[in-house]
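Structural characterization, general
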Amino acid sequence: MSSPLDVFRDDLLAGHVALVTGGGTGICRGIAAAYARLGAKVCIVSRKLDVLEQTAKEIGAIAVAADVRKPDDLVVAVKTVLDRFGKLTTLVNGAAGNFLAPAAALSPNGFKTVIDIDLLGTFNATKACAEALMASKDGLVLNISATLHYHGTPLQIHASAAKAGVDAVTKNLAVEWGRFGIRACGIAPGPIGDTEGMKRLAPGDATEKAKQFIPAGRFGTIDEIAAAAVYLRSPAAAYITGHVLVVDGGHCIATPSVVGT
Ligand code: HXC
């Protein structure tokens, strides 16, 4: 079966070394697999070592168990990468946590937990990688956010706030770290099929209903997000920084219309 990744040269990412948080499953597993397929050395990071090790074996990566809420874990992960591969050129911040919850019922700790994983976790991993990315002189911080915060999204106050913060981190890093040869970019995925996120956010028959609000008429695929991540890491994107690329089939710009289709 063809994949959007087929358009890329097999050795496009040779010489790159990537650390991918949340790389054990879902979208970030897809990004890690695509980077490895195209010649990069890849280390995937998440909390669950058994899942990580299985994925690492399947995609040709190494695995380090780490919780992005624990800065010391990330320092160990970066040291492992440097010991094994000698450098680090790319950080993909993809670790995230989410659930549906009405704002009025959500506990402060529920809100904080998602901020801690998504936003603080992005900062923690970025800080742990800073020196190595600067040393590479061709660093990329690629933050995976969402489109939730472009409008108000019911039951998602915690994740929307976290992802808005992640997009702010992307812009700030682009401005502060350009002089060190580091670009910072983001990808904001829309609804992507076969992911934990979709299972959590559109359970049951909400999955089918959701498709009518997507101009493309379908969910995206993990490989379509991975292709965007490859493009942003490739020389073709060398002058792109501070930009968050929306990959959502038009979902976030569509509003329901009472006339026509
Ligand atoms: C309300 C909830 C809740 C729920 C947890 N909490 N689940 N509140 N509704 N469904 C509250 C708890 O009551 C608790 O607050 C606090 O959150 C912490 O919960 P813990 O279970 O102790 O935390 P932890 O074990 O660290 O788990 C983190 C988690 C969990 C986020 C809550 O779901 C998780 O680990 N998820 C990882 C996988 C994941 O979520 N993948 C989907 C990513 S999709 P109290 O007050 O009781 O102490 C994604 C897409 C984003 O991120 C963008 C989409 C477009």
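The following paragraphs examine the structure supplied in this document. (Residues numbered from 1 in each chain as written. Predicted model: local features only at pLDDT ≥ 70, side-chain atom pairs only at ≥ 80, totals over all residues. Heavy atoms only, no water.)

**Re the site of the ligand**
As a reminder, the rule being used: Here a residue is considered near a molecule or strand provided that any single heavy atom belonging to it is located within 4 Å of it. For the purposes of these results, a polar contact is taken to be a pair of N or O atoms within 3.5 Å, where, inside protein, one atom must be able to donate a hydrogen and its partner to accept one; residues adjacent in sequence count only when each atom of the pair is a side-chain atom. Per-residue and other accessible areas follow the Shrake-Rupley method at a 1.4 Å probe size, with only the shown protein chains counted as cover for residues. Helix numbering and strand numbering both begin at the N terminus, where a helix is a DSSP run of H or I of at least 4 residues and a strand a DSSP run of E of at least 2.
Around the ligand sit 18 residues, and of these Arg-47, Arg-69, Asn-98, Ser-107 and Asn-109 come closest. Arg-47 has a polar side-chain atom sitting 2.7 Å from an oxygen atom of the ligand. Between the ligand and Asn-109, the relevant distance is 2.9 Å, taken from an oxygen atom to a side-chain nitrogen or oxygen of the residue. Relative to its free-state accessible area of 1,100 Å², the ligand is covered by the protein chains to the extent of 59%. Listing elements by their share of the shell around the ligand, those giving two or more residues are helix H4 (108-136) and helix H6 (196-201).

**Points about the pattern of salt bridges**
Just so we agree on the cut-off: Any carboxyl oxygen of Asp or Glu within 4 Å of a side-chain nitrogen of Lys or Arg constitutes a salt bridge here. Between buried and exposed lies partly exposed: a residue is buried under 20% and exposed over 50% of the maximum accessible area for its type, with that area taken using a 1.4 Å probe on protein chains only.
For the structure on display, the rule yields 12 salt bridges. One salt bridge in this structure joins Arg-37 and Asp-6, with 2.7 Å as the shortest N-O distance. With Arg-37 in helix H1 (residues 26-37) and Asp-6 in the segment before strand S1 (17-21), this pair connects stretches of sequence that are 31 residues apart. For Arg-37, a relative accessible area of 43% translates into the label partly exposed. Judged by relative accessible area, Asp-6 falls into the partly exposed class, the value being 43%. For Lys-112, the salt bridge is made with Asp-116, and the minimal N-O distance between the two is 2.7 Å. Taken as a pair, Lys-112 and Asp-116 lie in helix H4 at a separation of 4 residues, close to a single helical turn.

**Overview of the pairing of strand S5 (residues 139-144)**
Filter applied, for reference: Each pair of strands is called paired provided DSSP finds at least two bridges between the two strands. Crossover handedness is defined by viewing with both strands directed away from the observer: a clockwise path from the first strand over the helix to the second marks the crossover as right-handed.
Burial within S5 is extensive, with 6 of its 6 residues counted as buried. The two faces of S5 match: Gly-139, Val-141 and Asn-143 on one face and Leu-140, Leu-142 and Ile-144 on the other face are all buried. For strand S4 (residues 90-93) and S5, the ladder comprises 4 bridges, and the chain directions are parallel. Counted as the bridge partner of Thr-90 is Leu-140 from S5. Taken together, S4, H4 and S5 constitute a β-α-β crossover, and its handedness is right-handed. Relative to strand S6 (residues 182-189), S5 runs parallel, the two sharing 6 bridges. Bridge pairing in S6 places Val-141 opposite Ala-184. After leaving S5, the chain enters helix H5 (residues 157-177) and then returns to the sheet as S6, a path that is right-handed.

**Considering the sheet that holds S6**
As a reminder of what qualifies: Simply put, an axis is a line fit to the C-alpha atoms, just over the touching stretch for a helix, and the angle between two N-to-C directions goes from 0 to 180 degrees.
Read across the open sheet, the 7 strands follow the order S3-S2-S1-S4-S5-S6-S7; overall the sheet is parallel. Of all the strands in the sheet, just strand S3 (62-65) and strand S7 (244-247) have a single pairing partner and so form its edges. When strand polarity is set aside, the average angle formed by the axes of neighbouring strands in this sheet is 20°. As judged from the 4 bridges shared by strand S2 (residues 41-46) and S3, these two strands associate in the parallel manner. Each residue of the ladder has a partner; that of Cys-43, found in S3, is Ile-62.

**Quick notes on H1**
How we decide: Any helix carries an expected span of 1.5 Å times its number of residues minus one.
Between its first and last C-alpha, H1 extends 16 Å over 12 residues, near the 16 Å set by a 1.5 Å rise per residue. Residues of H1 that are buried: Ile-27, Cys-28, Gly-30, Ile-31, Ala-32, Ala-34, Tyr-35 and Ala-36. Gly-39, located one to two residues past H1, shows a positive phi value of around 105°.

**Side note on the nonpolar core**
Our working rule: Buried Ala, Val, Leu, Ile, Met, Phe, Trp, Tyr and Cys residues form a nonpolar core when they are joined through side-chain atoms within 4.5 Å. What makes two residues a contact is simply this: any of their non-hydrogen atoms within 4.5 Å.
Ile-31, Tyr-35, Val-42, Leu-142, Ile-187 and Val-230 are the most contacted members of the largest nonpolar core, which has 37 residues in total. Secondary structure elements with two or more residues in this core: S1, H1, S2, helix H2 (49-59), S5, S6 and helix H8 (222-233). Residues contacting Val-230, with those up to four places away along its chain left out, are Leu-5, Phe-8, Leu-12, Leu-13, Ala-34, Tyr-35 and Leu-38. Ala-77, Val-81, Val-169 and Ala-174 belong to the second largest nonpolar core, which has 29 residues in total.

**Things to note about the packing of H1 against H2**
Stated formally: Roughly parallel refers to an angle under 35 degrees, roughly antiparallel to one over 145, roughly perpendicular to one between 65 and 115, and oblique to any angle outside these ranges. Handedness of a helix crossing follows the sense of rotation of the near helix relative to the far helix, less than a right angle counterclockwise being left-handed and clockwise being right-handed. Throughout this entry, Asp, Glu, Lys and Arg are counted as charged residues, while Ala, Val, Leu, Ile, Met, Phe, Trp, Tyr, Cys and Pro are counted as nonpolar. The remaining residues, Gly among them, count as polar.
Packing of H1 against H2 brings their axes to within 10 Å, and their N-to-C directions diverge by 30°. By the angle between their directions, the pair H1 and H2 is classed as roughly parallel. The crossing of H1 and H2 is right-handed. Only Thr-55, Glu-58 and Ile-59 of H2 make contact with H1, whose side of the interface consists of Arg-29, Ala-32, Ala-33 and Ala-36. Here the residues of the contact of H1 with H2 sort into 4 nonpolar, 1 polar and 2 charged.

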